[in-house]
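Each chain is listed here by its residues.
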Amino acid sequence: MPDPEILIRARGLTKRFGQFTAVDSIDFELRRGEAFGFLGPNGAGKSSTMRMIGCVSPPSGGELTILGLDPVTDGAAIRARLGAVPQEDTLDVELTVRENLLVYGRYFGLPRAVIAERTGRLLDFVQLSERADDHVEPLSGGMKRRLTIARSLINEPEILILDEPTTGLDPQARHVVWDRLFRLKQQGVTLVLTTHYMDEAEQLCDRLVVMDGGKIAAAGSPRELIDTYSSREVLELRFSTFEHDQAAEKLAAVPAERTEVLADRVLLYVVDGDAAMASVRGLALDPLTSLVRRSTLEDVFLRLTGRRLEDG
Amino acid sequence: MTAPALRVRPSRPGTGVAGTWQMAVRAFQYWLVNYRRTWRGTIYSSVLTPVLYLGAMGLALGKLVDQHGTAGLGRVSYLVFLAPGLMAATAMQTAVGESLYPVFSAVKWQQTYQAAAATPLKPGDIFRGHLLFTTMRLAMNTMIFLVIMAAFGAVRSGWVVAAVPVAVLTGLAFATPLDAFAVTQKKNDQAFAVIFRFGMIPLFLFSGTFFPVTQLPGWIRPVAYATPLWHGVALCRSLSLGTADLAGSLGHIAYLAAIAILGLIAGERAYRRRLYV
């Protein structure tokens, strides 16, 4: 008897394009009501995974069950119960905001009266009511993204899937989108999202998997991942270019769980950042800047893959 | 500003999916909403183009042609000879115009197809929905053409009414394979200019629209007879002149329908391969 609280179940899920393996035998489960994230750099296989979940990309191997159904044979029935926010906006820019929702609602076979009622509510929710009868073309990137989110909710989906929901947005527009997504999550909407922003993953995801090279490198809540793969605090030091290498060698004397020497910085993974800074001073090293901070998912990613998220 | 709470009520399992025909109609509705912005302009050109052609070629050039005798035209005036052929050719032009760029735009520039593919619509539904709109545009343009043709006094038989669905079928014999082709284009629209220049224009000029194919050198006539446009032109003309016979008409229809159906099968496959990657 399958567990009705598990909405998506993947076992050995694989996607190949010719010789290239984009998604390499991954396992995960999505539970009802949670916000689940795929964190990884560009090319990690996140979008390919999302397209398979969205039933617009047949898996090359493994098992995938969505809402108890098989995406290959029951794709249309599954898509009827999903909301999808693709990486690139696929809005019709020549139509009005309202017409975009009308057309999309009709794709789901919703009656016009139902669409009209939901349109009012959804545009309120994404703060676009005043632009309802404007064309989409002149809207800002953030507004278009919010409209795409409103559009994805027109069928009152059981799962909302978002592929890089804030990529390309300025910080302010990004925060507005996060706020809306956070509200959806609080209202019990099940979210699946991909991101290469660790702050997005930390703020929105109850549980996430770190993806790299088509594989899942680690899984857990943001807190669990940080506790498992990083230290409590991080001391970030920056030296002048000609001192950098020398300083990095000397820093080996500072007791730390781990030291990462990046091109422009040295990161010391420690329990107590201030204590570590005192030892650095004791070595007669004088960094240009120093910063004590908490560990983030960025540090988890660095630990797991040896690369930074933005490196791609 | 605080947003109102959003009611979350999961939809009933099984809703949102319907029969093939209804799904295509849903996709068709997008094109209707879209057409609300542009219909006026298209009506002007649907009226003006036949008036210009029938005036310049049918009447003015026709006067000159008629002075030299109409035996080669089947003893009707050039206007009467030309008009039904032009009806079929207009359908071809409409079909090409509604297929190449709109399909490429929907799959590449605007990604309206991808938006629809994320809903219960399947690639085949999206394809057939777009084709329904093309069919509507073909029916509109052909009927407008018929009215103008009648106003020019270029009709000899009431059977000309049957030329409308024949012209629509002629258009579909172009639209389905061209849709199938256009949706596979990945990078740009360069191939379309080639189709216009080396496909549509020669067909328009040499498929019996402006002069009987018997005027062509014997060796090239089989090529003209093989083109779908010639079948559409020949059948529309025989209906307009009242000279159509059953066997010949069925032959033309079968040929046009066969191409349209092959295009339908190819299109279904091409849309699926492009939208389900």
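These numbers were taken from a predicted model, which means no experiment stands behind them.

**Here's the deal with the overall build of chain A**
Line of reasoning, step 1. Along its length, chain A carries 11 helices and 13 strands.
Line of reasoning, step 2. For chain A, with 312 residues in total, the buried portion stands at 49%.

**Looking at the overall build of chain B**
Line of reasoning, step 1. Within chain B one finds 10 helices and 0 strands.
Line of reasoning, step 2. Secondary structure elements of chain B, listed N to C terminal, follow the sequence α-α-α-α-α-α-α-α-α-α.
Line of reasoning, step 3. Buried positions account for 45% of the 277 residues belonging to chain B.
Line of reasoning, step 4. Residue pairs in contact within chain B that sit at least 24 positions apart in sequence constitute 83% of those at least 6 positions apart.

**Things to note about the sheet that holds strand E13 (residues 289-294) of chain A**
Residues and elements named next belong to chain A.
Line of reasoning, step 1. Pairing is antiparallel in the open sheet, where 4 strands are placed in the order E11-E12-E10-E13. Each of the sheet's edge strands pairs with one partner strand only, and the pair in question is strand E11 (258-261) and E13. Along the sheet, successive strands turn relative to each other by an average axial angle of 15 degrees, direction set aside.
Line of reasoning, step 2. When E11 meets strand E12 (residues 266-270), the two strands line up antiparallel, connected through 4 bridges. Bridge pairing in E12 links Thr259 to Leu268.
Line of reasoning, step 3. Lying over the sheet, helix H10 (residues 273-282) contacts strand E10 (233-238), E12 and E13, oriented at roughly 35 degrees with respect to E10.

**Things to note about the domain arrangement of chain A**
Line of reasoning, step 1. Splitting chain A by domain gives domain 1 (6-221) and domain 2 (231-294).
Line of reasoning, step 2. Computed over C-alpha atoms, the centres of domain 1 of chain A and domain 2 of chain A are 40 Å apart.

**Comments concerning the packing of helix H3 (residues 78-109) of chain B against helix H5 (residues 123-151) of chain B**
All names here are of chain B.
Line of reasoning, step 1. Relative to each other, H3 and H5 sit at 150 degrees, their axes nearing to 9 Å. Judged by the angle between their axes, H3 and H5 are roughly antiparallel. For H3 against H5, the interelement crossing comes out right-handed. Between H3 and H5, the contacting residues are Ala83, Met87, Thr90, Ala91, Thr94, Ala95, Glu98, Ser99 and Val103 on the first element and His130, Thr134, Arg137, Leu138, Asn141, Thr142, Phe145, Leu146 and Met149 on the second.
Line of reasoning, step 2. Each residue belonging to the contact of H3 with H5 can be placed in one class, and the counts come to 9 nonpolar, 7 polar and 2 charged.

**Remarks on the pairing of strand E1 (residues 6-17) of chain A**
Residue and element names in this part refer to chain A.
Line of reasoning, step 1. As defined by bridge partners, E1 adjoins strand E2 (residues 20-31) across 8 bridges and the pair is classed as antiparallel. Following the sheet pairing, Phe17 is matched in E2 by Phe20.
Line of reasoning, step 2. Between the end of E1 and the start of E2, which pair antiparallel, lie 2 residues, with Gly18 showing a positive phi angle near 65 degrees.
Line of reasoning, step 3. Summarising the sheet, E1 and strand E4 (residues 61-66) pair through 5 bridges and their orientation is antiparallel. In the sheet register, Arg9 faces E4, and the bridge partner there is Thr65.

**With respect to the pairing of strand E3 (residues 35-39) of chain A**
Residue and element names in this part refer to chain A.
Line of reasoning, step 1. With 5 of 5 residues buried, E3 is to be regarded as a mostly interior element.
Line of reasoning, step 2. Of the two faces of E3, the one carrying Ala35, Gly37 and Leu39 and the one carrying Phe36 and Phe38 are both buried.
Line of reasoning, step 3. Here E3 pairs with strand E7 (residues 190-195) via 5 bridges, running parallel. Bridging across to E7, Phe36 finds its partner in Val192.
Line of reasoning, step 4. Pairing geometry for E3 and strand E8 (residues 207-212), over 4 bridges, is parallel. Looking at the pairing, Phe36 lines up with Arg207 of E8.

**Remarks on unusual backbone geometry**
All names here are of chain A.
Line of reasoning, step 1. The backbone of Glu156 shows a phi angle near 50 degrees, a positive value even though the residue is not glycine.
Line of reasoning, step 2. With respect to the helices, strands and loops of the structure, Glu156 is situated in the loop between helix H5 (141-152) and strand E6 (159-163).
Line of reasoning, step 3. Taking the number of C-beta atoms within 10 Å as the measure of exposure, Glu156 has 20 and is therefore buried.

**Let's talk about the interface of chain B and chain A**
Line of reasoning, step 1. On the side of chain A, 36 residues touch chain B, which itself brings 36 residues to the contact.
Line of reasoning, step 2. Breaking the side of chain B that touches chain A down by element, the ones donating at least two residues are helix H1 (20-35) and helix H4 (112-117) of chain B.
Line of reasoning, step 3. Partitioning the side of chain B that touches chain A into residue classes produces 21 nonpolar, 11 polar and 4 charged.

**Focus on the sheet that holds E6 of chain A**
All names here are of chain A.
Line of reasoning, step 1. If you trace the 6 strands from one edge of the open sheet to the other, you get E5-E6-E7-E3-E8-E9, paired in mixed fashion. Edge positions in the sheet fall to strand E5 (82-85) and strand E9 (215-220), since each of these pairs with one other strand and no more. On average, each strand axis in the sheet is inclined to that of its neighbour by 15 degrees, with strand direction left out of account.
Line of reasoning, step 2. Docked against the sheet, helix H11 (residues 297-305) engages E3, E8 and E9, running at close to 40 degrees with respect to E8.

**Focus: the environment of Leu208 of chain A**
All names here are of chain A.
Line of reasoning, step 1. Within the secondary structure layout, Leu208 lies in strand E8.
Line of reasoning, step 2. Judged by the 29 C-beta atoms lying within 10 Å of it, Leu208 falls in the buried class.
Line of reasoning, step 3. For Leu208, the contacting residues outside a window of four places in its chain are Phe36, Gly37, Phe38, Leu39, Ala201 and Pro222.

**Remarks on the environment of Asp179 of chain B**
Residues and elements named next belong to chain B.
Line of reasoning, step 1. By the secondary structure assignment, Asp179 is in helix H6 (residues 160-182).
Line of reasoning, step 2. The exposure class of Asp179 is buried, given the 28 C-beta atoms found within 10 Å.
Line of reasoning, step 3. Between the C-alpha atoms of Asp179 and Leu131, which are 48 residues apart in sequence, the distance is 8.6 Å.
Line of reasoning, step 4. Aside from chain neighbours lying at most four places away, what touches Asp179 is Ser99, Val103, Phe127, His130, Leu131 and Gly267.

**What to know about helix H2 (residues 39-67) of chain B**
Residues and elements named next belong to chain B.
Line of reasoning, step 1. When the terminal C-alpha atoms of H2 are compared, their 41 Å separation across 29 residues agrees well with the 42 Å that a helix rising 1.5 Å per residue should span.
Line of reasoning, step 2. At Leu61, H2 shows its largest bend, some 35 degrees.
Line of reasoning, step 3. Looking at the packing, one finds that the buried side of H2 touches H3 and H5.
Line of reasoning, step 4. In the segment just after H2, Gly69 is the residue with positive phi, at about 95 degrees.

**Examining the confidence of the model for chain B**
All names here are of chain B.
Line of reasoning, step 1. On average, residues of chain B carry a pLDDT of 92, and 95% of them reach 70 or more.
Line of reasoning, step 2. Taken together, the stretch residues 10-14 has pLDDT below 50 and engages in 8 contacts with residues farther than four places along the chain or on a different chain.
Line of reasoning, step 3. ipTM for the predicted complex: 0.90, alongside a pTM of 0.92.

**Things to note about the environment of Phe192 of chain B**
Residues and elements named next belong to chain B.
Line of reasoning, step 1. Following the sequence through the fold, Phe192 ends up in helix H7 (residues 190-206).
Line of reasoning, step 2. Taking C-alpha positions, Phe192 is 18 Å from Ala91, a pair spaced 101 residues apart along the chain.
Line of reasoning, step 3. In this view, Phe192 contacts Leu100 and Tyr101; residues no more than four positions away in its chain are not counted.

Procedures and definitions
The residue numbers shown here count from 1 along each chain, following its written sequence. By the order in which they are written, chains take letters starting at A while ligands take numbers starting at 1. Thresholds applied to this predicted model are a pLDDT of at least 70 for local features of residues and 80 or more for the giving and counting of side-chain atom pairs; totals over whole chains, interfaces and linings are not thresholded and use all residues. Per the convention used, a helix needs a DSSP run of H or I reaching at least four residues, while a strand needs a run of E reaching at least two, with both numbered from the N terminus. Any residue whose C-beta has 12 or fewer other C-beta atoms within 10 Å is treated as exposed, any with 20 or more as buried, and any in between as partly exposed, C-beta atoms being built from the backbone. Residues are scored as being in contact if the C-beta atoms we place from backbone atoms lie within 7 Å. Between any two strands, at least two bridges found by DSSP are needed for them to pair. Fitting a line to C-alpha atoms yields each axis, with helices limited to the stretch in contact; the angle taken between N-to-C directions then spans 0 to 180 degrees. Where a domain begins and ends is set by an automatic assignment or by a domain database. Working definition: roughly parallel below 35 degrees, roughly antiparallel above 145 degrees, roughly perpendicular at 65 to 115 degrees, and oblique for all remaining angles. Crossings are classed by handedness, with left-handed meaning an anticlockwise turn of the near helix from the far one by less than a right angle and right-handed meaning a clockwise turn. For this classification, Asp, Glu, Lys and Arg are treated as charged, while Ala, Val, Leu, Ile, Met, Phe, Trp, Tyr, Cys and Pro are nonpolar and the rest, including Gly, are polar. One fewer than the residue count of a helix, multiplied by 1.5 Å, yields its expected span. Think of it this way: the bend at a residue is just the angle between two axes, each fitted to seven residues, one set ending at that residue and the other starting at it. Per-residue confidence from the predictor is reported as pLDDT, a score between 0 and 100.

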